Amino acid sequence: MTTLNRPFNFSAGPAAIPEEVLQQAAADMLNWQGCGMGVMEMSHRGKEFISIYEQAESDLRELLAIPPQFKILFMQGGAIAMNAILPMNLARGGVVDCIVSGGWSQKSYQEAGKYASAHLAASGKESNFTTLPAAQDWQLSGKAAYVHLCSNETIHGVEFQALPDLQSLGCDAPLVIDFSSHVASRPVDWSRVAVAYGGAQKNIGPAGVTLVVVREDLLGQALPITPSAFDLKTVADNQSMFNTPPTWGIYMAGLTFQWLKRQREGDLSGIAAIEARNIAKAQLLYDYIDGSQLYLNKVDKAWRSRMNIPFLLRDDSRNDAFLAGAKERGLLQLKGHKSVGGMRASIYNAMPIEGVRALIAYMQDFERHSA
Ligand SMILES: *Cc1c(COP(=O)(O)O)cnc(C)c1O
């Protein structure tokens, strides 16, 4: 396929989508595979959409090596709705142990308290979310229905490079992770996870789909007040079609999964290939920031995100000039989140390494002219 020479889009989310996926969607828009209908116009129960759904599900299972005892659900409401849906489904009114490593897990902790007793087991707040206590120092309650963490904090740029092994910490509770902003950027160790969920709009497609991967044995214990459409067992028993699923979003995620399967990097393919590329992209940008006199990333090196890289100008009166110049060079949506300030470069799977190089070239020019 041709490349369209679009600007590089560093949005944190909804975020850039691979060009090949957008082109395929454009080509299919009016008439999907000769059936005379676009995907948005199809019955979710027709054979056309069922084939799209089944392909997306099996491609994701293959890409992320999701074991058979896990169900894959495509829901709605986003990760924020899951902050309520999960305690309703899993906590039985008991205790949820929360690891707060940034803005998103902070929200999960607060919302869990409406439906369960939320216990703060560890927090990075004292460091302004630039680091997190080691897992051995977490204050787990010992009676939690589950432990919740956000494996990549989109706003603060803090990522778990490995998931904790709760059993080795003497904790039998299942681990629940919000992986919204790094899903499909690296493998998942399913031996350590019971539920992984995320909105699609960071790394796998447009807003409107929530991906939920849930271990089967956790289904069927929802509180009676749980809305049927949000009871994970009901959703699982109906192959995500208890109510109309977000069909367009599922189709787009499916195209993204096929794009991921086609990726190659040396001998690597699929997630391994994209992971290698993500490591290289993040390394380039962090190395440049660390070596510069103007830019600063405060996150502890052990916790730095490969996907979301916040950085400050040492002279923050130059922020607006930085952003305006970036836009002129075709480098879009670099403004940092208001709670952190400065800039943020989100370099999800769809960002090619050329985009990171173009950003660094601009940062160098800007630094030179600021000196
Ligand atoms: C974006 C994001 C959310 C919020 O998702 P919504 O789709 O707005 O509900 C939650 N968690 C993380 C880690 C995110 O990146």
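Here, the structure is the one placed above.
Here the structure is a predicted model, which is why all the values come from computation and not from measurement.

Caption draft 1: Region of interest: the overall build of the protein. Along its length, the protein carries 9 helices and 16 strands. For 371 residues, the compact-globule estimate of 2.2 N^0.38 gives 21 Å, and the protein sits close to it at 21 Å. The principal-axis extents of the C-alpha atoms in the protein amount to approximately 65 × 60 × 35 Å. Across the 371 residues in the protein, those meeting the buried criterion constitute 54%. For the protein, the computed accessible surface area is about 16,000 Å², with 50% contributed by carbon and sulfur atoms. Each charge sign in the protein was given a centre, from 33 positive and 36 negative side chains, and these centres are 3 Å apart.

Caption draft 2: Main features of the site of the ligand. For the ligand, the full set of nearby residues is Gly78, Ala79, Ile80, Trp104, Cys150, Asn152, Thr154, Asp178, Ser180, Ser181, Gln201 and Lys202. Asp178 places a polar side-chain atom, nitrogen or oxygen, 2.7 Å from a nitrogen atom of the ligand. Within the side chain of Lys202, an N or O atom sits 2.5 Å from an oxygen atom of the ligand. Per-class residue counts for the shell around the ligand are 4 nonpolar, 6 polar and 2 charged.

Caption draft 3: Broad picture of the pairing of strand β3 (residues 95-100). The element β3 is largely enclosed, with a buried count of 6 among its 6 residues. Burial along β3 is two-sided: the residues Val95, Asp97 and Ile99 and Val96, Cys98 and Val100 are all buried. Inspection of the sheet shows β3 paired to strand β4 (residues 117-123) by 6 bridges, in the parallel sense. Bridge assignment links Val96 to a residue of β4, and that residue is Ala118. Read from β3 through helix α4 (residues 103-115) to β4, the crossover connection turns out right-handed. Here β3 pairs with strand β5 (residues 144-150) via 4 bridges, running parallel. Looking across to β5, one finds that Asp97 is bridged to Val147.

Caption draft 4: Looking closely at the packing of aromatic side chains. Going through the model one piece at a time under the given rule, you end up with 12 aromatic pairs. Ring geometry for Tyr288 against Tyr295: centres 5.9 Å apart, planes inclined by 50°, an arrangement best described as tilted. An aromatic cluster is present here, built from Tyr288, Tyr295, Phe311, Phe322, Tyr362 and Phe366 joined pairwise through their rings.

Caption draft 5: Highlighting the sheet that holds strand β14 (residues 308-313). Overall, antiparallel pairing links the 3 strands, which are arranged β13-β14-β16 in an open sheet. Looking at strand neighbours, the two that pair on one side only are β13 (295-296) and β16 (343-346), the edges of this open sheet.

Caption draft 6: Region of interest: the pattern of salt bridges. Under the counting rule described, the total for this entry stands at 17 salt bridges. With its nearest N and O atoms 3.5 Å apart, the salt bridge here joins Lys47 to Glu48. Look at Glu48 and you get buried, because its relative accessible area is 19%. A salt bridge links Asp365 to Arg329; its shortest N-O distance comes to 2.9 Å. Of this pair, Asp365 sits in helix α9 (residues 353-370) while Arg329 is found in the loop between α8 (319-328) and β15 (331-332), placing the two residues 36 residues apart along the sequence. Connected through salt bridges with shared partners, the residues Asp59, Glu62 and Lys261 form a single ionic network.

Caption draft 7: Quick look at unusual backbone geometry. Of note, the bond from Gly13 into Pro14 is cis; its omega dihedral lies within 30 degrees of zero at -10°. Examined against the element boundaries, Pro14 turns out to sit in the loop between β1 (8-9) and α1 (19-28). Its identity is not glycine, yet Ala65 carries a phi of approximately 50°, on the positive side. Judged by relative accessible area, Ala65 falls into the exposed class, the value being 53%. Although it is not a glycine, Gln239 adopts a positive phi angle of roughly 45°. Position of Gln239 relative to the elements: it lies in the loop between α5 (232-237) and α6 (247-262).

Caption draft 8: Summary view of a nonpolar patch on the surface. Nonpolar side chains collect at one region of the surface, where Met29, Leu30 and Met40 lie side by side and expose about 330 Å² of accessible area between them. Locating Met40 in the fold gives a position in the loop between α1 and α2 (47-63).

Caption draft 9: Broad picture of the nonpolar core. One finds Ile99, Trp138, Phe179, Trp190, Leu211 and Phe257 to be the most contacted residues of the largest nonpolar core, which totals 59 residues. Looking at which element gives the most residues to this core, the answer is α6, with 8 residues. Counting residues domain by domain, this core receives three or more from each of domain 1 (22-260) and domain 2 (265-370). Apart from residues lying up to four places away in sequence, Phe257 is in contact with Ala56, Asp59, Leu60, Leu63, Phe74 and Ile204. Ala326, Ile360, Tyr362 and Met363 belong to the second-largest nonpolar core, a separate cluster that totals 26 residues.

Calculation rules
Residues numbered from 1 in each chain as written. Predicted model: local features only at pLDDT ≥ 70, side-chain atom pairs only at ≥ 80, totals over all residues. Heavy atoms only, no water. Helix = DSSP H or I, 4+ residues; strand = E, 2+ residues; numbered from the N terminus. Rg over C-alpha atoms; globule rule 2.2 N^0.38 Å. Buried < 20%, exposed > 50% of the residue type's maximum accessible area, 1.4 Å probe, protein only. Areas by Shrake-Rupley, 256 points an atom, 1.4 Å probe, with all protein chains shown as cover. Lys, Arg positive; Asp, Glu negative; His and termini not counted. Charge placed at Lys NZ, Arg CZ, Asp CG, Glu CD. Near = heavy atom within 4 Å. Polar contact = N/O pair within 3.5 Å; in protein donor to acceptor, adjacent residues only side chain to side chain. Nonpolar A, V, L, I, M, F, W, Y, C, P; charged D, E, K, R; others polar. Pairing = 2+ DSSP bridges. Right-handed = clockwise from strand over helix to strand, strands pointing away. Phe/Tyr/Trp six-rings, centres within 6.5 Å; stacked < 30°, edge-to-face > 60°. Salt bridge = Lys/Arg side-chain N within 4 Å of Asp/Glu carboxyl O. Patch = residues over 30% accessible without salt bridge, like charges linked within 9 Å, V, L, I, M, F, W, Y side chains within 5 Å. Core = buried A, V, L, I, M, F, W, Y, C linked by side-chain atoms within 4.5 Å. Domains from an automatic or database assignment. Contact = heavy atoms within 4.5 Å.

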